[in-house]
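# Architecture and fold: a report
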Amino acid sequence: MPIFPSKMAQAAEMILQVSTHFSGHSPLVVCDSWFGNNGLWRPLSAAAPSIHLLSRLRSSTVLYAKPPDAARTAKGRPRKYGDRCGSVTELAASLRERAQRYTVQLYGKAREIRAYDQVFLLKTLRCPVRVVWVFRKTQWVAFFTTDLTLSVTQIIEYYGARWKIEAGFKEIKQEIGSARSQNRTADAVSNHLHFCLLATTLTWIYADRIKADPKRRHLVKGRTSFAFSDVRKLITDEALPLRPFSGTLAPSQSTPT
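Residues numbered from 1 in each chain as written. Predicted model: local features only at pLDDT ≥ 70, side-chain atom pairs only at ≥ 80, totals over all residues. Heavy atoms only, no water.

## A closer look at a positive patch on the surface
The test is simple: Nonpolar side chains (Val, Leu, Ile, Met, Phe, Trp, Tyr) are joined into patches within 5 Å and like charges within 9 Å, using only residues with over 30% relative accessible area and no salt bridge. The method behind every accessible area is Shrake-Rupley, applied with a 1.4 Å probe, and residues are considered shielded solely by the protein chains displayed. For this document, the term salt bridge refers to a Lys or Arg side-chain nitrogen within 4 Å of an Asp or Glu carboxyl oxygen. The charge count treats Lys and Arg as positive and Asp and Glu as negative. His and the chain ends do not count. We put the charge of a Lys on NZ, of an Arg on CZ, of an Asp on CG and of a Glu on CD. Secondary structure elements follow DSSP: runs of H or I of four or more residues count as helices, runs of E of two or more count as strands, with numbering from the N terminus. Here the term buried applies to any residue with accessible area under 20% of the maximum for its type, exposed to any over 50%, and partly exposed to those in between, with areas from a 1.4 Å probe on protein chains only.
On the surface, Arg42, Arg77, Lys80 and Arg126 cluster together into a positively charged patch. Its location among the elements puts arginine 77 in the loop between helix H3 (69–73) and strand E4 (84–87). Take arginine 77: its relative accessible area is 73%, and that puts it in the exposed class.

Structure below.
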């Protein structure tokens, strides 16, 4: 059986391959909390220091302050981290009252939110990060990024746009059929996935060039835009128009006479 690299190693390799096409820029990798750790950050920062990470913090993660200036000039080895500030959950409770109001564009609408941001040191990544808490009525969520130049609204909007990636996974797995592959060899698995990605790309290129938007097959309250399945059905209808079946089949050339 072939030994495939881990998900983290595959992700790092693909990101670095893409980043080579954006020399002179600082790519921002937006990922969920499963990838937002040193397993992905270490190979990325080592191979391409200009790459930055934006992810969601786990509630148990501990944050630290920057070391005081006096610690840098004292004798002996300088401190890398300052005092322990607390876990993400502990800080959320104490910082809620200091949150400010922002207007962000999320899911096609302008929304009013309350958020608080501050720069901390994160031991898991061994670097400073900007942490943003977004407070709801009774809940909260915390994001972080290694790009300290990003604003609060940018951090929230960039992570909110990540949901479109999850929708893309659903399209590739369910609509196109990448999850239904029964291939067993490494080349066959890769080829199947590449063809699925190609089919998905062609579908969206077709959707971008049609004059009129297709009608939604399944109506959703508050949504007017079409879905991926609507475009796929439109292509199917154009490529395979319904025709009456005559009831007879042409004889196969391999059929003995």
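## Observations regarding the nonpolar core
Side chains of a nonpolar character, in soluble globular proteins, are inclined to be buried together. Just so we agree on the cut-off: We define the nonpolar core as a collection of buried residues of types Ala, Val, Leu, Ile, Met, Phe, Trp, Tyr and Cys that are connected through side-chain atoms lying within 4.5 Å of one another. Note on contacts: a residue pair qualifies if any of its non-hydrogen atoms lie within 4.5 Å across the two residues.
The biggest cluster of nonpolar side chains holds 30 residues, and the ones touching the most others in it are Leu40, Leu63 and Trp133. For this core, the elements supplying multiple residues, two or more each, are helix H1 (7–19), helix H2 (38–47), helix H4 (88–95), strand E6 (109–122), strand E7 (127–135) and strand E8 (140–145). Sorting elements by how many residues they give to this core places E7 first, with five residues. What leucine 63 contacts, discounting residues up to four positions off in sequence, is Leu57, Arg84, Cys85, Gly86, Val88, Leu91, Phe120, Leu121, Leu122, Val131 and Trp133. Counting residues in hydrophobic clusters, the runner-up holds 15 residues, among them Ala115, Val132, Val134 and Val152.

## A closer look at a nonpolar patch on the surface
The grouping of Phe195, Leu198, Leu202 and Ile205 at the surface amounts to a nonpolar patch, some 410 Å² of accessible area in total. Take isoleucine 205: it is sitting in helix H7 (residues 186–209).

## Here's the deal with the environment of valine 129
With respect to the helices, strands and loops of the structure, valine 129 is situated in strand E7. In this structure valine 129 comes out as buried when scored by relative accessible area, which is 0%. With 11 residues separating them in the primary sequence, valine 129 and glutamine 118 have C-alpha atoms 8.4 Å apart.

## Some points on helix H5 (residues 152–160)
Since the α-helix turns once every 3.6 residues, residues separated by three or four places project in the same direction. Heads up, the rule is: Starting at the helix axis, one direction is taken to each C-beta atom, and the arc is that of these directions.
For H5, the set of buried residues is Val152, Ile155, Ile156, Tyr159 and Gly160. Mapping the buried residues of H5 onto a view down its axis gives an arc of 125°, with all of them on the same face.

## Quick look at H7
For clarity, the cut-off: One less than the residue count of a helix, multiplied by 1.5 Å, gives the span that helix is expected to have.
Compared with an ideal rise of 1.5 Å per residue, which puts 24 residues at 34 Å, H7 spans 35 Å between its outermost C-alpha atoms and is within 8% of the ideal. If you check which residues of H7 are buried, you get Cys196, Thr200, Thr203 and Ala207. The elements touched by buried residues of H7 are helix H6 (163–176) and helix H8 (228–239).

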